[in-house]
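Per-entry structural report
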Amino acid sequence: VTLMVGTLAYVSISAFGGGLFPFVLASIFMGLGFCFYSGAVEAWLVDGLNAAGYEGQLDQVFARGSMVSGAAMLVGTVGGGVLGNFDLAWPFIGRAVLLGVVFFVALRSMHDTGFTPHAATLSETPVAMKRVLRASVTFGWRRRSVRLLMIVSFLQGGFAMWGFYAWQPYFLELLGQDAVWVAGVVAALIALSTIAGNGLVEFFTRFCGRRTTLLLSSSFVIAIATVGVGLATSFWMAVILLLISTTAAGVGEPVKQAYLHQVIPSEERATVVSFDSLVESAGGIGGQIGLGYLARVQSIAAGYVNGGVALVAALPVLVALRFMKEPADMIAGRRAGQPAPCAAQGLPEVSGIDTTARQAASSVSESG
């Protein structure tokens, strides 16, 4: 509802000739709506799977969800572009209608299972907010594996948002002509490459026994390909390298999500995942300012090269995570025809998704 109201506010402000300030307010209001989604939807999904006795791999679940999101983004990009040719208000109106549909579908079919809600009155809200902040620190930053993953989110988020917007003017510059349709084609290719990366997750998890192997590999490919985009001397070379980077990102993101959810207790799942999103967004703010300034004083290509070099910093962080040898690092299921890594090493089977999360809560409690 918040996102729907914010979207309609965009249309209304434009229709009544509002200036920049009302748009800023509407954007902040929409940010609140995304805040409600951030963490909560993932937590709802994982708690529901756990309550249903799901014993499969979360990596594949998140990858399939990302594939659906990528396909929707592809359809939305093309459809929104077509509608925008008639009137720029139409894509926003269409979005508001779709959000309304989502509201009624969710109201009828989405129910909390495996989760006990804790209602708070308006007067209790400040106390509840303090509890959420405390839980974010206790089960997030103080938990070493989660802290390391958040550092990776910060570093990768520092480049991702700037890089997503910078490729459009950069590629047109390499092409040497102002062919706006090219941006639409490349955007579609980016969506398809991300979907392809998501699809590879299921294949890789059949043979790879540790999540950090996939995280290290995808992070390395992203960093090298990003530097390559900045060093490219032709349009097509830059496009190919960018698509390699987005494919690798499509592999790494679901695996990181699965790792996080394996070490976070159910009660704090939405809180800590939202905290991770906050840290990633903070990196995005710094990255856009820093790389944006560099692109202005030097070139967009220099921004890609330096951004790729900065992404290399995530590798030693992931190596430190790997040396921890947590049960969450082990991918449940069969690997190259052999038993699940957890069983092979005498670790608890993931018959319930919260197994390692309970261990995390216990270790945090013991360490005070």
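Look up: the structure comes first, before these words.
Here we summarise the structure given alongside this text. (Residues numbered from 1 in each chain as written. Predicted model: local features only at pLDDT ≥ 70, side-chain atom pairs only at ≥ 80, totals over all residues. Heavy atoms only, no water.)

A closer look at unusual backbone geometry
Formally: A run of DSSP states H or I qualifies as a helix once it reaches four residues; a run of E qualifies as a strand once it reaches two. Both are numbered from the N-terminal end. Throughout this description, buried means an accessible area under 20% of the type-specific maximum (1.4 Å probe, protein chains only), exposed means over 50%, and partly exposed covers the range between.
Phi at Lys325 takes a positive value of approximately 50°, unusual for a residue other than glycine. Within the element layout of this structure, Lys325 appears in the loop between helix H13 (314–324) and helix H14 (341–344). When its relative accessible area of 56% is taken as the criterion, Lys325 is described as exposed.

Description of the environment of Leu175
To be explicit about the condition: The contact criterion used is simple: two residues touch if any of their non-hydrogen atoms lie within 4.5 Å.
Within the element layout of this structure, Leu175 appears in helix H7 (residues 144–175). For Leu175, a relative accessible area of 27% corresponds to the partly exposed category. Separated by 61 residues in the primary sequence, Leu175 and Trp236 have C-alpha atoms spaced 8.6 Å apart. Residues contacting Leu175, with those up to four places away along its chain left out, are Val182 and Phe235.

Observations concerning the environment of Gly284
Examined against the element boundaries, Gly284 turns out to sit in helix H11 (residues 269–297). Relative accessible area serves as the criterion here: at 1%, Gly284 is assigned to the buried category. Between the C-alpha atom of Gly284 and that of Phe159, which follows or precedes it by 125 residues, the distance is 6.6 Å. Excluding its chain neighbours within four sequence positions, the residues that come into contact with Gly284 are Gly157 and Gly158.

Some remarks on the side chain of Thr226
Tracing the backbone through its elements, the reader meets Thr226 in helix H9 (residues 211–231). With residues up to four places along the chain from it excluded, the contact list for Thr226 reads Phe159, Ser245, Tyr304, Gly307, Gly308 and Leu311.

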